[in-house]
Amino acid sequence: MSDDAASARGTVLGIDIGGTKMAAALVSADGTILTGDRIATPSGDADQVFAALGELITRVRGDASPLAVGIGSAGPLDQPHGLVSPVNIPGWRNFPVVDRVRALTGDVPVALGLDGHCFALGEFWSGAGRDAHTLLGIVVSTGVGGGLVVEGRPLIGQSGNAAHIGHVVIDQDGEACACGSFGCVEAYASGPRMVARAQRSGWRTGEDVDAEALAADAAAGDELALAAFDDGAQALAAGIVATAVTVDLTTVVIGGGVAKAGPVLFDPVQAWVKRLAQLPFVTDLTVVPAQLDNAGLLGAAHQAWAALA
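Residues numbered from 1 in each chain as written. Predicted model: local features only at pLDDT ≥ 70, side-chain atom pairs only at ≥ 80, totals over all residues. Heavy atoms only, no water.

### Focus on the sheet that holds strand E11 (residues 251-255)
Okay, so step 1: Within the open sheet, the 5 strands sit side by side as E10-E9-E8-E11-E12. Their pairing is mixed. Whereas interior strands pair on both sides, the edge strands pair on one side only; in this sheet they are strand E10 (153-155) and strand E12 (286-289). Direction aside, the axes of adjacent strands within the sheet are offset by 25 degrees on average.
Okay, so step 2: Here 3 bridges tie strand E9 (residues 144-150) to E10, and the two strands are oriented antiparallel to one another. The partner of leucine 148 across the bridge, within E10, is leucine 155.
Okay, so step 3: Helix-sheet contacts for helix H4 (residues 115-126) involve strand E8 (134-140), E9, E10 and E11, and the interaxial angle to E9 is about 50 degrees.
Okay, so step 4: Where helix H8 (residues 223-247) meets the sheet, its contacts fall on E8, E9 and E11, and the angle it forms with E8 comes to roughly 160 degrees. (Pairing = 2+ DSSP bridges. Helix = DSSP H or I, 4+ residues; strand = E, 2+ residues; numbered from the N terminus. Axes fitted to C-alpha atoms, helices over the stretch in contact; angles between N-to-C directions. Contact = heavy atoms within 4.5 Å.)

### Let's talk about the nonpolar core
Okay, so step 1: One finds Ile138, Phe229, Ile240 and Ile254 to be the most contacted residues of the largest nonpolar core, which totals 48 residues.
Okay, so step 2: For this core, the elements supplying multiple residues, two or more each, are E8, E9, helix H5 (186-189), helix H6 (191-200), helix H7 (211-219), H8, E11 and helix H9 (263-276).
Okay, so step 3: In contact with phenylalanine 229, not counting residues within four places along its chain, are Met194, Ala211, Leu214, Ala215, Ala218, Val258, Ala261, Val264 and Leu265. (Core = buried A, V, L, I, M, F, W, Y, C linked by side-chain atoms within 4.5 Å. Buried < 20%, exposed > 50% of the residue type's maximum accessible area, 1.4 Å probe, protein only.)

### Focus: the environment of glycine 191
Okay, so step 1: Take glycine 191: it is sitting in helix H6.
Okay, so step 2: Put simply, glycine 191 and threonine 142 are 49 residues apart on the chain and 5.7 Å apart in space, counted from C-alpha to C-alpha.
Okay, so step 3: In this structure, glycine 191 is in contact with Ser141, Ala211 and Val258, ignoring residues within four places of it in sequence.

### Topic: the packing of H7 against H8
Okay, so step 1: Following both chains from N to C, one finds H7 and H8 inclined at 115 degrees, their axes separated by 7 Å at the closest point. When the axes of H7 and H8 are compared, the pair comes out roughly perpendicular. The crossing of H7 and H8 is left-handed. Contacts between H7 and H8 involve Ala211, Leu214, Ala215, Asp217 and Ala218 from the former and Ala225, Leu226, Ala228 and Phe229 from the latter.
Okay, so step 2: Of the residues assigned to the contact of H7 with H8, the class counts are 8 nonpolar, no polar and 1 charged. (Parallel < 35°, antiparallel > 145°, perpendicular 65-115°, else oblique. Left-handed = near helix turned anticlockwise from the far one by under 90°. Nonpolar A, V, L, I, M, F, W, Y, C, P; charged D, E, K, R; others polar.)

### What about the packing of helix H2 (residues 46-61) against helix H3 (residues 97-105)?
Okay, so step 1: Running from N to C, H2 and H3 cross one another at 35 degrees; their axes reach a closest spacing of 11 Å. Between H2 and H3 lies a crossing whose hand is right-handed. Here Asp47, Phe50, Gly54, Ile57 and Arg61 of H2 lie close against H3, whose contacting residues are Arg100, Val101, Leu104 and Thr105.

### A closer look at the pairing of strand E2 (residues 21-27)
Okay, so step 1: Of all the 7 residues making up E2, 6 are buried; the element is thus mostly covered by neighbouring parts of the structure.
Okay, so step 2: Pairing of strand E1 (residues 12-17) with E2, which is carried by 6 bridges, proceeds in the antiparallel orientation. Bridged to aspartate 16 within E2 is alanine 23.
Okay, so step 3: The turn joining E1 and E2, which pair antiparallel and follow one another in sequence, is formed by 3 residues.
Okay, so step 4: Relative to strand E3 (residues 33-40), E2 runs antiparallel, the two sharing 7 bridges. Within E3, the position partnered with leucine 26 by the bridge is threonine 35.
Okay, so step 5: Once E2 ends, the chain turns through 5 residues before running back antiparallel as E3, passing glycine 31 with a positive phi of about 90 degrees.

### Details of the pairing of E11
Okay, so step 1: Of all 5 residues in E11, 5 are buried, a share of seventy percent or more.
Okay, so step 2: The pairing of E8 with E11 spans 5 bridges and is parallel. The residue of E11 that forms the bridge with glycine 137 is valine 253.
Okay, so step 3: Strand direction decides the pairing type here: E11 and E12, joined by 4 bridges, are parallel.

### Examining the side chain of threonine 41
Okay, so step 1: Within the secondary structure, threonine 41 sits in the loop between E3 and H2.
Okay, so step 2: Of the polar contacts made by the side chain of threonine 41, one reaches the backbone oxygen of glycine 18; its length is 2.6 Å.
Okay, so step 3: Filtering out sequence-adjacent residues up to four positions away, threonine 41 remains in contact with Gly18, Gly19, Thr20, Lys21, Met22 and Ile89. (Polar contact = N/O pair within 3.5 Å; in protein donor to acceptor, adjacent residues only side chain to side chain.)

### As for the packing of aromatic side chains
Okay, so step 1: For the structure shown, the criterion picks out 2 aromatic pairs.
Okay, so step 2: Relative to phenylalanine 95, the ring of phenylalanine 50 lies with its centre 5.8 Å away and its plane at 45 degrees, an arrangement referred to as tilted. Separated by 45 residues along the polypeptide, phenylalanine 50 in helix H2 and phenylalanine 95 in the loop between strand E6 (83-84) and H3 bring together distant segments of the chain.
Okay, so step 3: Residue classification places phenylalanine 50 among the buried residues on the basis of a relative accessible area of 6%.
Okay, so step 4: The exposure class of phenylalanine 95 is buried, given its relative accessible area of 4%.
Okay, so step 5: An angle of 5 degrees between the planes, with centres 4.4 Å apart, marks the rings of tryptophan 92 and phenylalanine 95 as stacked.
Okay, so step 6: Residue classification places tryptophan 92 among the buried positions, given a relative accessible area of 0%.
Okay, so step 7: Through pairs of rings, three or more aromatic residues link up here, namely Phe50, Trp92 and Phe95. (Phe/Tyr/Trp six-rings, centres within 6.5 Å; stacked < 30°, edge-to-face > 60°.)

Okay, here's the thing in structure tokens:
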């Protein structure tokens, strides 16, 4: 056995699958990442997407034999049957990701969870939610995902899709969403949707721009960019408050690529939450940025360790 493999004994393999990127890492019981890597999520059919993930897993594992595997995936998913149908990965519909990963990693426990759940677990384990009693984690990126940790335990739901905050309907007459519904949080607050909304208003029309460019212009005071972020923030706040009054939240942690916009996102989110959260038990709701760049990966690994308990 190589030195790298020896150092990886007593580890699990965490996998994070999203519409923009896929990541994998070997993680110890205390949350230390020993080796890891990430790739852009490819387009293509089911097998082409999995082939790229399989190469990533093989590269990260090396000669190691992880004790278990945890997978966090964009949803929706069918947790009991190990199937995923990520809205932003069109090639995967009822894709048997658990069976396909197990075929690569051997006969070890493979735990599947929603990416938002894994993000919340990671921040609860070693990030901004360490001291929280009840935590809502939100990932704002290509889509909008979420996860709940209630009294120290993840709230999963019967199918594994609880706290899918991106698809909370906040305007029944609103914009069409990729999920097939209308007026979802994600239809206003995801990075691509905020960019598209700004461009329809006249911001950088015809240019190939992304949420990072939108955030930079908003930070520089561009009114159209700021308006797009305010619309997205209002949608996020509406979803946050709807969840808070349902489960009696104390803390909300927001991460993902769009959250790197900083104050241009968090200032209006906090202002809208304050405006919308009027019931006494949610008026002190705390909304903070994520502390970890790899919370979803750590949360997936946390699931793997839990599967061994």
